[in-house]
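What follows is each chain in one-letter form.
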Amino acid sequence: MSELLQIEFIDDNFTVEKSEEYQLLVRQGEHRSQMAILSKKNRLLLSLSWQRDLKEERVDQLLQLTYESKILSLETNHKLLVPNELHNPSQEIYYLNALSLEKENHLLLSDYIKSFDAQCIYGVSKEDRNQLLSDFPDFTIKSSSTAILCALASFTSMHKKYLSINIEDDSTDFSYVLNEKLIYHHTQPSQHTDELNYFLLAIAQEYEIDLSSISILVSGQIELDDPNYQRLKKYNKQLSFLDLSSLIDCSNFNLLKKAYQKLSLFGLLCA
């Protein structure tokens, strides 16, 4: 097996012969991609990751199987959220301009986020779009922001006011929700802790957020002992990991406990 391919979990009941009964989720990350195969009842059957843009025979074999559903979580820096009542598909050129994209070379995609009554509009180059159609034929494409926000809406009903911080390899998704209304959501670059800290304080200042008292929910590539967690702990002693354990079923308790590390993948089940 290639060192670039990591098989994280295989359920004893997983078999390719039953793929037509399964759900296939794929997250295309900046550097690594993730895959999860689940039963109709959201039982995790297989979880793996691989280095993006490198062909892996096992991955290709799994992608080519027939599934009940196939969804791809796409990460892009070119995205914006628009209240649904203000969204106008005929204004494509204005959205492209807002995203600093050229109409000749780019396409716009959009997802409706029902829980927040908003449209997530995101752009991809025509070249990347053609590559996606080749690599992931017949997939439903969703923005990673759509997966994140739909999951937040489903699992944060006990919080009237919260700040969600989802940390990935080179970026962080910040989401601020007040009384079930989405106030802010954006993906910011954060290759190190100081950069994450800068955007955290800037957002807190802009929206007058008291970091010491608000509920802060963390997810993504973060552990109790890493620098990002220790830095966030300085601002809020009651940090909590986003609990996604009721979203999926899994025979591996440790993997289930850390489902928050794959928010933009497992969140597709809510999108």
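This text goes with the structure placed above it.
Residues numbered from 1 in each chain as written. Predicted model: local features only at pLDDT ≥ 70, side-chain atom pairs only at ≥ 80, totals over all residues. Heavy atoms only, no water.

**Focus on the pairing of strand S5 (residues 69-74)**
Turning to step 1, where the next piece is worked out: With 5 of its 6 residues buried, S5 lies for the most part within the structure.
Turning to step 2, where the next piece is worked out: In this sheet, S5 lies alongside strand S2 (residues 23-28) in parallel orientation, the contact comprising 6 bridges. Along S5, the bridge assignment pairs Gln23 with Ser69.
Turning to step 3, where the next piece is worked out: Taken together, the 4 bridges between S5 and strand S9 (residues 140-143) define a ladder with parallel strand orientation. By the bridge assignment, Leu72 is partnered in S9 with Ile141. (Buried < 20%, exposed > 50% of the residue type's maximum accessible area, 1.4 Å probe, protein only. Helix = DSSP H or I, 4+ residues; strand = E, 2+ residues; numbered from the N terminus. Pairing = 2+ DSSP bridges.)

**What about helix H6 (residues 227-235)?**
Turning to step 1, where the next piece is worked out: Where H6 is concerned, the buried positions are Asn228, Tyr229 and Leu232. For H6, the arc enclosing every buried residue in end-on projection is 95 degrees, short of the 170-degree limit, so these residues lie on one face. Residues of H6 that are exposed and point more than 90 degrees away from the buried face comprise Pro227 and Lys234.
Turning to step 2, where the next piece is worked out: At its buried positions, H6 is contacted by strand S10 (161-167), helix H5 (193-206), strand S13 (215-220) and strand S14 (240-241).
Turning to step 3, where the next piece is worked out: Where H6 begins, the side chain of Asp226 points an oxygen toward the backbone nitrogen of Asn228, at a separation of 3.0 Å. (Arc of directions from axis to C-beta. Contact = heavy atoms within 4.5 Å. Polar contact = N/O pair within 3.5 Å; in protein donor to acceptor, adjacent residues only side chain to side chain.)

**Section: the pattern of salt bridges**
Turning to step 1, where the next piece is worked out: For the structure on display, the rule yields 7 salt bridges.
Turning to step 2, where the next piece is worked out: Of the charged contacts in the structure, one is a salt bridge between Glu75 and Arg27, with a shortest N-O distance of 2.6 Å. Of this pair, Glu75 sits in the loop between S5 and strand S6 (79-83) while Arg27 sits in strand S2, and the two are 48 residues apart along the sequence.
Turning to step 3, where the next piece is worked out: Judged by relative accessible area, Arg27 falls into the buried class, the value being 5%.
Turning to step 4, where the next piece is worked out: A salt bridge links Lys258 to Glu223, with the nearest nitrogen and oxygen atoms 3.2 Å apart. Taken as a pair, Lys258 in the loop between helix H7 (253-257) and helix H8 (263-266) and Glu223 in the loop between S13 and H6 lie far apart in primary sequence, 35 residues in all.
Turning to step 5, where the next piece is worked out: Judged by its relative accessible area of 35%, Lys258 falls in the partly exposed class.
Turning to step 6, where the next piece is worked out: Three or more residues joined by partner-sharing salt bridges are found here, namely Asp11, Arg43 and Asp249. (Salt bridge = Lys/Arg side-chain N within 4 Å of Asp/Glu carboxyl O.)

Read these as geometric descriptors, not functional statements.
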